[in-house]
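# Results of the structural survey
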Amino acid sequence: MTVLEELESAIQSAAERTGPKVIGLGQGWGRGSGVVIGSGRILTNAHNLRGDEVTVTFLDGRREPGRVLATDQDLDLAVIEADTADIEPIEWSDGPEGSVSIGRSVLALANPGGRGLRVTPGFVSSTARSFRGPRGRRISGAIEHTAPLPRGSSGGPLVDGSGRLLGINALRADGGLILAVPADAATRERVEQLSRGESPKRARLGIAIAPPRVARRLRRAVGLPERDGILVRAVERGSAADRAGLERGDLIVAVAGKELDRIEALYEALDGANAGDQLELTIVRGADERTVSVSL
């Protein structure tokens, strides 16, 4: 058998074996794709969802109403509850941590907005990559691969030659490469929690932010002294930040007495805090520096 014949066989096998497990979200030029991970449970990217309900389309054209069961915005994953009938769930890869290596052949599947199954082959081009999720937190350990995917494919599965889940395709990187959230042990544990309807609870400030480089450029543009820090672009009404008096344009330069030179430092401080804790932020408003206490 030639290489092309082997590739043809692998794609056809994936379409037959894994294709029915891949679903579309929305209708027409819809929101994305997903994959059946259990009876009545569908895994997708959190950024594909708007509200608590979504139309789910299966390979045979059947449409069902779906209800968002739980989401993890920071990992960009969500589980939807819908009638999956007798569709067998996808099998997770049981390989050891780091077993997905550069050069490994992969297959990407999608059903963009319910417009029909797509199966494309590719190779892992890089591992242990990272990207920012919907709320700005960095998702580490991502798999970068070359299998091309059309718009509406995020949330679909990345599988090996046996149809086992290696990752959930999340976004397109530079050069058309695709980044996937790895289907490792930590992700599987998180997905099991989401499948039980348990969304993670994390301390939130309730602000939209810009990274230090943007803050420095904007302050320079309006004639203010350059400072390292995180610029507040917007404040959610009624949030912890709003109650503490933070405003759009404030520059957060320190948290709990530690200088902020990167966004991750702010997230680390929030991850170490509990509900009801007080978090001290040092902010610069214009040219004035002050300290505010935020009740989380």
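Residues numbered from 1 in each chain as written. Predicted model: local features only at pLDDT ≥ 70, side-chain atom pairs only at ≥ 80, totals over all residues. Heavy atoms only, no water.

## Observations concerning the sheet that holds strand β12 (residues 178-182)
Whenever strands of a sheet pair, they do so through backbone hydrogen bonds, lying parallel or antiparallel. The criterion, for reference: For two strands to be treated as a pair, DSSP must find at least two bridges joining them. Note on conventions: DSSP H or I runs of at least 4 residues are helices, E runs of at least 2 residues are strands, and numbering of each starts at the N terminus. Working convention: axes come from line fits to C-alpha atoms, limited for helices to the stretch in contact. Angles between N-to-C directions cover 0 to 180 degrees.
Taken in spatial order, the six strands line up as β7-β8-β9-β12-β11-β10 and close into a barrel, and their pairing is antiparallel. Within the sheet, the average angular offset between the axes of one strand and its neighbour, ignoring direction, is 50 degrees.

## Notes on the sheet that holds strand β1 (residues 22-25)
The criterion, for reference: In this description, contact between two residues means that some pair of their heavy atoms is separated by no more than 4.5 Å.
Around the barrel, which closes on itself, the six strands sit in the order β1-β2-β3-β6-β5-β4 with antiparallel pairing between neighbours. Between one strand axis and the next, the sheet turns by 40 degrees as a mean value, whatever way the strands run. Taken together, the five bridges between strand β4 (residues 53-57) and strand β5 (residues 63-72) define a ladder with antiparallel strand orientation. Bridge assignment links Glu53 to a residue of β5, and that residue is Arg67. On the sheet, helix α2 (residues 185-195) packs against β2 (32-38), β3 (41-44), β5 and β6 (77-81) and is oriented at approximately 35 degrees with respect to β6.

## Looking at the side chain of Asn45
As a reminder of what qualifies: Relative accessibility thresholds used throughout: buried, under 20% of the residue-type maximum; exposed, over 50%; partly exposed, between the two (1.4 Å probe, protein chains only).
Along the chain, Asn45 falls in the loop between β3 and β4. Asn45 sits in the buried class, given a relative accessible area of 0%.

## Observations concerning the pairing of β1
Successive residues of a regular strand alternate their side chains across the two faces of the sheet. Both faces of β1 are covered, namely the face carrying Val22 and Gly24 and the face carrying Ile23 and Leu25. Sheet topology note: the β1/β2 ladder contains four bridges and is antiparallel. Opposite Leu25, over in β2, you have Gly32 as the bridge partner. Alignment of β1 against β4, held across two bridges, turns out to be antiparallel. When the sheet's bridge partners are listed, Leu25 is paired in β4 with Val56.

## Remarks on the pattern of salt bridges
To keep things clear, this is the line we draw: We define a salt bridge as a side-chain nitrogen of Lys or Arg found within 4 Å of a carboxyl oxygen belonging to Asp or Glu.
Evaluation of the coordinates by the stated rule reveals 15 salt bridges. Between Arg62 and Glu64 there is a salt bridge whose closest N-O contact spans 3.1 Å. The class for Arg62 is partly exposed, based on a relative accessible area of 22%. Assessed through its relative accessible area of 21%, Glu64 is described here as partly exposed. Between Glu236 and Arg204 there is a salt bridge whose closest N-O contact spans 3.0 Å.

Read these as layout, nothing more, since geometry by itself doesn't imply function.
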